[in-house]
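Listed here are the chains, written in short residue letters.
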Amino acid sequence: MKKLNIKFLLVLTLFIFTYSCQDNDDVLQTESKETKTFDTSIATRWIDLQLELIKTTSGHTPPINARNLGYSSLTLYESFVNGMPGYKSLNNQLNGLNNLPQVNPNLEYNWGLVSNIAMSTILRKLYANTSPTNVQNIDLLQNQIRNSIID
């Protein structure tokens, strides 16, 4: 397995959700809410799924799993940190983590949907060799969370 580059994965993930926020009405809302207003199960459900992916994806040794958990946790944090007054991005604070895309101050974000997009994107990249059933589970969770927020 190729060694994953943290900067590449985070920039790709953050680019995807930042870019998607400009064209996707699902991520925009009439008034941005702080991250704390969203259900914490969004994060725990993604982490629970990742723990299942660890068990069922071949070739993922403990060091790879630890690194993947670190990448996904950092992605989750960076996906909603801008909705947490008083908290700061880790951009330029970690080796190789710099020049992350910035949110557009002229747009309003739904941080629950942003984190949902970010986590589905990063898990698809980190577990690219997982089974078709696991890929379906990623898609299913993304849709379930999206629907619970939008409804």
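Owing to the predicted nature of the structure, the values given are computational and were not obtained by experimental measurement.

J.: Is there a simple way to explain the overall build of the protein in this structure?
T.: From N to C terminus, the protein includes five helices and zero strands. Walking the protein from its N terminus toward its C terminus, one meets helices and strands in the order α-α-α-α-α. Carbon and sulfur atoms provide 54% of the accessible area of the protein, an area that totals close to 8,400 Å².

J.: Looking at this structure, how should I read the packing of helix α2 (residues 41-56) against helix α3 (residues 62-80)?
T.: Relative orientation and spacing of two packed helices are given, respectively, by the angle between their axes and the distance between those axes. For the pair α2 and α3, the least separation of the axes is 11 Å and the interaxial angle reads 160°. Classified by the angle their axes make, α2 and α3 are roughly antiparallel. Considering the relative orientation of α2 and α3, their crossing is right-handed. Taking contact as the criterion, the partners of A43, Q50, L51 and I54 in α2 are, on α3, N65, N68, L69, S72 and L76. Partitioned by chemical class, the residues of the contact of α2 with α3 number five nonpolar, four polar and no charged.

J.: I'm lost on unusual backbone geometry in this one. Help?
T.: The general pattern is negative phi for most residues beyond glycine and trans for most peptide bonds. The phi torsion at N92 lies on the positive side, around 70°, for a residue other than glycine. Mapped onto the elements, N92 comes out in the loop between α3 and α4 (111-126). N92 gets classed as exposed once you look at its relative accessible area, which sits at 57%. At N99, a residue that is not glycine, the phi angle is positive and equals roughly 60°. Here N99 shows up in the loop between α3 and α4.

J.: Would you take a moment to explain the confidence of the model for the protein for this structure?
T.: Low-confidence regions, as indicated by low pLDDT, have predicted coordinates that should not be scrutinised in detail. For the protein, the average pLDDT comes to 81, and 74% of its residues sit at 70 or higher. Ranking the elements of the protein by mean pLDDT puts helix α1 (residues 6-23) last, at 49, and helix α5 (residues 132-150) first, at 96. For the stretch residues 15-31, pLDDT sits under 50, and the model shows 36 contacts to residues farther than four places along the chain or on other chains.

J.: Can you help me understand the nonpolar core in this one?
T.: The nonpolar side chains of a soluble globular protein tend to be buried, and buried together. In terms of nonpolar packing, the biggest core is built from 21 residues, with W46, L49, L53, L123, Y127 and I138 touching the most fellow members. For this core, the secondary-structure elements that each account for two or more residues are α2, α3, α4 and α5. For this core, the leading source of residues is α4, giving six residues. The contacts of I138, once residues within four sequence positions are left out, are W46, L49, L53, S120, L123 and R124.

About the thresholds
Residues numbered from 1 in each chain as written. Predicted model: local features only at pLDDT ≥ 70, side-chain atom pairs only at ≥ 80, totals over all residues. Heavy atoms only, no water. Helix = DSSP H or I, 4+ residues; strand = E, 2+ residues; numbered from the N terminus. Areas by Shrake-Rupley, 256 points an atom, 1.4 Å probe, with all protein chains shown as cover. Axes fitted to C-alpha atoms, helices over the stretch in contact; angles between N-to-C directions. Parallel < 35°, antiparallel > 145°, perpendicular 65-115°, else oblique. Left-handed = near helix turned anticlockwise from the far one by under 90°. Contact = heavy atoms within 4.5 Å. Nonpolar A, V, L, I, M, F, W, Y, C, P; charged D, E, K, R; others polar. Buried < 20%, exposed > 50% of the residue type's maximum accessible area, 1.4 Å probe, protein only. pLDDT = per-residue confidence, 0-100. Core = buried A, V, L, I, M, F, W, Y, C linked by side-chain atoms within 4.5 Å.

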